[in-house]
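A closer look at the structure
Each chain, letter by letter, is given below.
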Amino acid sequence: MRGKGETMKEINLLSKGIFNSKLLDSRVRTRAVTRKEKIFGHLIGPLGMIFIVNTIAALVEKFFMQMVGLAYPTGQDGTANPMAAALGNDYQLVMMIIKFVVIGVSVLNSWLLTHTKCRQGRLRPWYLIFSFLTIIIGVLIFLFSPNIMGEAYWVYFFILLACYHTIGSTYFYVFKDMIVSVSTHDPKEKAQLTFMRKLCWTLISGIIIGLIVNSVLVPFWLQNDISGYPILLIAMSVCAVPLLLMEYYYTKERVIEDASLEAKGGNANNIPLKEQLKAMFTDRFYVILIVLMTMQGLIDNFKGGNVQYYYVQYLLGGATHPEMQMLYSIATGVPLGIGIFAIWPLAKKFGIKNVTVVGYAIALISSIVGWIFADNMVVALVAGFFRNIGWMPNSYIFITLLYYAYDDIDFRSHIRVEGLLGVGIVTALQNLIYAPVAGGYESLLLNKGFVDNLEVMPDPPEAVKEFMSMSFYLFDIILGAAMVILLPFVNVEKKMPEINKELLRRKKEAVIARGGTWIEPEEQDRIEREQAAKEHEENRIADLRELCAKKGLDFETENNKYLAVEAEKEKKREEKEAKKKAKQEAKAAKKKK
């Protein structure tokens, strides 16, 4: 029994062991976000786990529907097998149970983060651990079939599905949604990193998974050879591991490091839950964004990964012309390419919020037109094109507003909530809301007598087609209307200069209070760049001396050649910068007139 006055022993997870060794230290050591960090940590590296998670999301429901059709085909008179409908009900029930379990897992994840005191930060160590578990579970889901295991297969499948959605992918989304927010205080750098990650998630992953997997591999391979699923996942896993390690080593949690510096006792995690929740739910920007994101999550959970595939397959002629899947993906995927060049300049000029509102207005109108002419191929392609034009801000930059809201919470309440229990409880409540509709699309299709087997059902009943088109368009219409109405109230961008200035002031006070020497960020960045340039020059000279010694070349001659080339490059850079400055000055003078 604990004596009076004794306090409970503080739990510090990962405070010892391999995660406190230099072996797992981030390769990023600067205060400012570096180019390598942007490219390796936020553009290329994330592709590893995105390939795994998005491929499973795209295929697992299709795989399940094919397995059901294979195990329980329709009767000779075309009537659906009762076992297929029963499995549809089982699938929805399992998905609902999973969502309730995820509620507990979300709280557990937040508990782990809250009690993590590690030199690698709050998020990155657990991301490495859970990612390897996700890869293993993901492969096992597709590894066997009912032909090998009989009726026991469905127990195996549902257990692994539950493990994937709880132990596996849950933490992936925690990390994905928070790593940018804790990487830097600078609003511009946050927006740049968000764009990099969304570029990786939306365009690169979209091309590989959306175009190649869904539009080529599914209709031309996996639809006819169910044994191809595990082969594809194993190949994806082999690619994912080195990319995962790249992402881990080239990310850095600067904001958490600063929060620990400012916190009493050096631990920014010891914030009472009541204070966390109060800080979050008294911030109107955060509340509005969470409401909108919850609506989006509700729709995504109902629709799953099959909605577009079945819409194209049975309303736009994909069943008789498999190339329609590719055609629709190309036509609707073009905006993703346009977004690379268009969305960032538009957001800088007009603001993230304003661009997103206009985008959702375009998507709203396009969805209404598309639903009215749901089976008209030309209208569907045009509507799909403009729907994705409207979704460009959501695809690339919208989430930045949530990161700004986290900064506003810190500004108002002195609490850095990312990774704490309060955020986990919000995630748990979201999953509680999602639970009743998870797997609903597939379950309702099976209950309507639909079977995913072209040989026995080349043309589903009209009621099934109407349900497919409604699911494809209606929910996006509702979300678009909500975005257009509520998002104008999220004007957090206007406050960011004031917020950033205050957060920087607090950090300065904390450094001075601890007896440290404060260096302004601009000066620190200059020192780090000069140090990096000095190290690069020393390494270059050493490498050149070694090369000259091996090949019998004169070092001074070769070095002068290199310096001459660099001088010419510097001259061109200076000329280009001078022209740019002159153009800006002329533009400013013209505005004054």
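Thresholds, definitions, all that
- Residues numbered from 1 in each chain as written.
- Predicted model: local features only at pLDDT ≥ 70, side-chain atom pairs only at ≥ 80, totals over all residues.
- Heavy atoms only, no water.
- Helix = DSSP H or I, 4+ residues; strand = E, 2+ residues; numbered from the N terminus.
- Buried < 20%, exposed > 50% of the residue type's maximum accessible area, 1.4 Å probe, protein only.
- Areas by Shrake-Rupley, 256 points an atom, 1.4 Å probe, with all protein chains shown as cover.
- Phe/Tyr/Trp six-rings, centres within 6.5 Å; stacked < 30°, edge-to-face > 60°.
- Lys NZ or Arg CZ within 6 Å of the ring centre and 35° of its normal.
- Axes fitted to C-alpha atoms, helices over the stretch in contact; angles between N-to-C directions.
- Parallel < 35°, antiparallel > 145°, perpendicular 65-115°, else oblique.
- Left-handed = near helix turned anticlockwise from the far one by under 90°.
- Contact = heavy atoms within 4.5 Å.
- Nonpolar A, V, L, I, M, F, W, Y, C, P; charged D, E, K, R; others polar.
- Patch = residues over 30% accessible without salt bridge, like charges linked within 9 Å, V, L, I, M, F, W, Y side chains within 5 Å.
- Salt bridge = Lys/Arg side-chain N within 4 Å of Asp/Glu carboxyl O.
- Lys, Arg positive; Asp, Glu negative; His and termini not counted.
- Charge placed at Lys NZ, Arg CZ, Asp CG, Glu CD.
- 1 Å grid on protein atoms, 1.4 Å probe; cavity = no way out; pocket = protein on both sides within 12 Å on 5 of 7 lines; lining within 4 Å.
- Points joined across faces, edges and corners; volume = space filled by probe spheres on them.
- Expected span 1.5 Å × (residues − 1).
- Polar contact = N/O pair within 3.5 Å; in protein donor to acceptor, adjacent residues only side chain to side chain.
- Core = buried A, V, L, I, M, F, W, Y, C linked by side-chain atoms within 4.5 Å.

**What about the overall build of the protein?**
- The number of helices and strands found in the protein is 23 helices and 0 strands.
- Taken along the three principal axes of its C-alpha coordinates, the protein extends 85 × 75 × 65 Å.
- Across the 593 residues in the protein, those meeting the buried criterion constitute 50%.
- When the accessible area of the protein is evaluated, it comes to approximately 28,400 Å², of which 64% is carbon and sulfur surface.

**Topic: the packing of aromatic side chains**
- Applying the stated criterion across every chain yields a total of 34 aromatic pairs.
- The rings of Phe63, Phe64, Tyr91, Phe142, Tyr153, Trp154, Tyr156, Phe157, Phe158 and Tyr229 are connected pair by pair, giving a single aromatic cluster.
- The residue whose ring lies beneath arginine 387 is phenylalanine 472, and the NZ or CZ to ring-centre distance is 4.7 Å.

**Description of the packing of helix α2 (residues 47-71) against helix α8 (residues 228-249)**
- Two elements in contact, α2 and α8, have axes separated by 8 Å at closest approach and are oriented at 165°. Considering their axes alone, α2 and α8 lie roughly antiparallel with respect to each other. At the point where α2 passes α8, the crossing takes the left-handed sense. Contacts between α2 and α8 involve Leu47, Gly48, Met49, Phe51, Ile52, Thr55, Ile56, Leu59, Lys62, Phe63 and Gln66 from the former and Tyr229, Leu232, Leu233, Met236, Ser237, Ala240, Leu243 and Leu244 from the latter.
- When the residues that make up the contact of α2 with α8 are grouped by side-chain class, the tally is 14 nonpolar, 4 polar and 1 charged.

**Some points on the side chain of asparagine 301**
- Along the chain, asparagine 301 falls in helix α11 (residues 284-303).
- For asparagine 301, the contacting residues outside a window of four places in its chain are Lys99, Tyr434, Val437, Ala438 and Gly439.

**Focus on a positive patch on the surface**
- Among the surface-exposed residues, Lys188, Lys348, Lys576 and Lys580 lie close enough to one another that they form a single positively charged patch.
- Checked against the element boundaries, lysine 580 lands in helix α23 (residues 555-592).

**A closer look at the packing of helix α19 (residues 440-447) against helix α20 (residues 462-486)**
- Where α19 contacts α20, the two axes come as close as 10 Å, and the packing angle between them is 170°. One way to sum up the angle between α19 and α20 is to call them roughly antiparallel. Between α19 and α20, the residues in contact are Tyr441, Leu444 and Leu445 and Val464, Phe467, Met468 and Ser471, respectively.
- Classifying every residue of the contact of α19 with α20 by side-chain character gives 6 nonpolar, 1 polar and no charged.

**Points about a nonpolar patch on the surface**
- Taken together, the side chains of Ile136, Leu140, Leu143, Phe144, Ile148, Ile234 and Val238 make up a nonpolar region of the molecular surface, amounting to roughly 610 Å² of accessible area.
- Counting residues per element, the ones that place at least two in the nonpolar patch are α4 (124-141) and α8.
- Position of leucine 143 relative to the elements: it lies in the loop between α4 and α5 (146-149).

**So, empty space enclosed by the protein**
- Scanning the model with the defined rule gives 4 cavities of 30 Å³ or more in all.
- In this model, the largest cavity occupies a volume close to 110 Å³.
- If you go around the largest cavity, the residues you meet are Ile50, Lys176, Asp177, Val180, Thr194, Arg197, Lys198, Trp201, Ile399 and Tyr403.
- When contributions to the lining of the largest cavity are tallied by element, the ones reaching two or more residues are α6 (152-178) and α7 (187-222).

**Describing helix α17 (residues 400-413)**
- Helix length check: α17 (14 residues) gives 20 Å between terminal C-alpha atoms against 20 Å at 1.5 Å per residue, within 8%.
- Along α17, 12 of the 14 residues are buried, which leaves the element largely enclosed by surrounding structure.
- Turning to α17, its buried residues number three or more, namely Thr400, Leu401, Leu402, Tyr403, Tyr404, Ala405, Tyr406, Asp407, Asp408, Ile409, Asp410 and Phe411.
- Positioned one or two residues after α17, histidine 414 has a phi angle of 60°, which is positive.

**Some words on the side chain of histidine 42**
- Tracing the backbone through its elements, the reader meets histidine 42 in helix α1 (residues 35-44).
- A polar atom in the side chain of histidine 42 sits 2.8 Å from the side chain of arginine 197.
- Those residues in contact with histidine 42, other than ones at most four positions away along the chain, are Glu37, Ile179, Val180, Ser183, Leu193, Met196, Arg197, Cys200 and Thr251.

**Some thoughts on the nonpolar core**
- If you look at the biggest cluster of nonpolar residues, it comprises 151 residues, and the most contacted ones within it are Phe64 and Tyr311.
- When residues of this core are assigned to their parent elements, the largest contribution, 15 residues, is made by α2.
- Leave out the neighbours within four places in its chain, and tyrosine 311 touches Leu316, Tyr328, Ala374, Ala380, Ser469, Phe472 and Tyr473.

**Here's the deal with the layout of surface pockets**
- Here the second largest pocket is characterised by a volume of approximately 1,100 Å³.
- Thr34, Glu528, Arg529, Ala532 and Ala533 are the residues nearest the centre of the second largest pocket, which is lined by 23 residues in total.
- If one sorts the elements of the lining of the second largest pocket by residue count, helix α22 (residues 521-551) sits on top with 11 residues.
- Counted by class, the lining of the second largest pocket contains 7 nonpolar, 5 polar and 11 charged residues.

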